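Understanding the architecture of this molecule
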Amino acid sequence: MGIFKPKMYKKNIFEIDYEKLKSLGIKCLIFDLDNTLGLIEQKKCPRNTKKLIKSLQNDFLVLISSNNTKDRITPYLKDLGVGGVSFSLKPLTRGLRKIKRNYNLKKKEMCMIGDQIVTDVLSGNRFKIYTVLVDPLGEKDLKITGLNRKVEAKIVARYEKKGLFERGKYYG
């Protein structure tokens, strides 16, 4: 069960303690796209998100790892001036391995940030990098994500029963 638990859990990307991540030796922030950086229906990066990402680029290499298509993530990559991987196949570690190799990173320097336990957190934990879970920005999800949310709800219920994790109880 520990494979599903993030190291840090925050309401959204604006609440993350980036100074803590920096102090832990994190040099690369890998963000999920949909419902983490922007809503599914948003074609371009929201202004407040863009401002945050631009400021983070002073201290971190910022990248996007999405299970979505190249056509979906390209406007965000261009708008933010960052690199990334589409069709990452999370919870597999394909996208993270590609990022590690392409940017010559060590695992201890990488952090995966996303809104889904069964994709973002699981892929990051399986790859043995730091993971941050945030609540989804919106309720609208892709069809496949709806199934993921049902699986996630069962995992969270088990964690809550054991006192290991609870939605809305932020930590890290």
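See above for the structure.
For the chain, the count of helices and strands is six helices and six strands. Going residue by residue from the N terminus, the α and β elements of the chain occur as β-α-β-α-β-α-β-α-β-α-β-α. Taken over C-alpha atoms, the radius of gyration comes to 15 Å for the chain, in line with the 16 Å a tight globule of 172 residues would show. In terms of overall dimensions, the chain has a C-alpha envelope of 40 × 35 × 30 Å along the principal axes. Taking all 172 residues of the chain together, 50% fall into the buried category. Roughly 8900 Å² of accessible area belongs to the chain as shown, and the carbon and sulfur atoms make up 53% of that amount.

What helix α3 (residues 70-80) keeps buried is the set R72, I73, Y76, L77, D79 and L80. On the buried face of α3, the contacting elements are α2 (47-56), β3 (61-65) and β4 (83-85). Two residues or fewer past α3, G81 is found with a positive phi of approximately 70°.

Secondary-structure assignment places N125 in helix α5 (residues 117-126). Exposure remark for N125: the relative accessible area of 10% places this residue in the buried category. For N125, the side chain forms a polar contact with the main-chain oxygen of K5, separated by 3.0 Å.

What follows is about helix α4 (residues 94-102). All buried positions along α4 are accounted for by G95, L96 and I99. Take α4 and look down its axis: the buried residues cluster within an arc of 100°, on one side only. If you follow the buried residues of α4, they end up packed against β2 (28-31), β3, β4, β5 (110-114) and α5. Once α4 ends, the next one or two residues include N104, with phi positive near 50°.

Looking now at the environment of K100. Along the chain, K100 falls in helix α4. According to the relative accessible area criterion, K100 is partly exposed, its value standing at 29%. Ignoring any residue separated from it by four or fewer positions in sequence, one finds K100 in contact with L105, K107, M110 and F127.

Taking burial as the measure, the five residues of strand β6 (residues 130-134) include five buried ones, the bulk of the element. Side chains Y130, V132 and V134 project from β6 onto one buried face, and the interleaved T131 and L133 project onto a second face that is buried too. Bridge analysis of strand β1 (residues 8-10) against β6 gives three bridges, and the strand direction is parallel. From the neighbouring strand, M8 faces β6, where its bridge partner is V132. Here β5 pairs with β6 via four bridges, running parallel. When the sheet's bridge partners are listed, G114 is paired in β6 with L133.

Further remarks concern the nonpolar core. Of all hydrophobic cores here, the largest spans 27 residues; its most connected members are Y18, L21, L29, F31 and I113. Listed by contribution, the elements that provide at least two residues to this core are α1 (18-23), β2, α2, β3, α3, β5 and β6. Tallying contributions element by element places α3 first for this core, with four residues.

Conventions we followed
- Residues numbered from 1 in each chain as written.
- Predicted model: local features only at pLDDT ≥ 70, side-chain atom pairs only at ≥ 80, totals over all residues.
- Heavy atoms only, no water.
- Helix = DSSP H or I, 4+ residues; strand = E, 2+ residues; numbered from the N terminus.
- Rg over C-alpha atoms; globule rule 2.2 N^0.38 Å.
- Buried < 20%, exposed > 50% of the residue type's maximum accessible area, 1.4 Å probe, protein only.
- Areas by Shrake-Rupley, 256 points an atom, 1.4 Å probe, with all protein chains shown as cover.
- Contact = heavy atoms within 4.5 Å.
- Polar contact = N/O pair within 3.5 Å; in protein donor to acceptor, adjacent residues only side chain to side chain.
- Arc of directions from axis to C-beta.
- Pairing = 2+ DSSP bridges.
- Core = buried A, V, L, I, M, F, W, Y, C linked by side-chain atoms within 4.5 Å.

Scope: geometric values only; no functional claims are made or implied.
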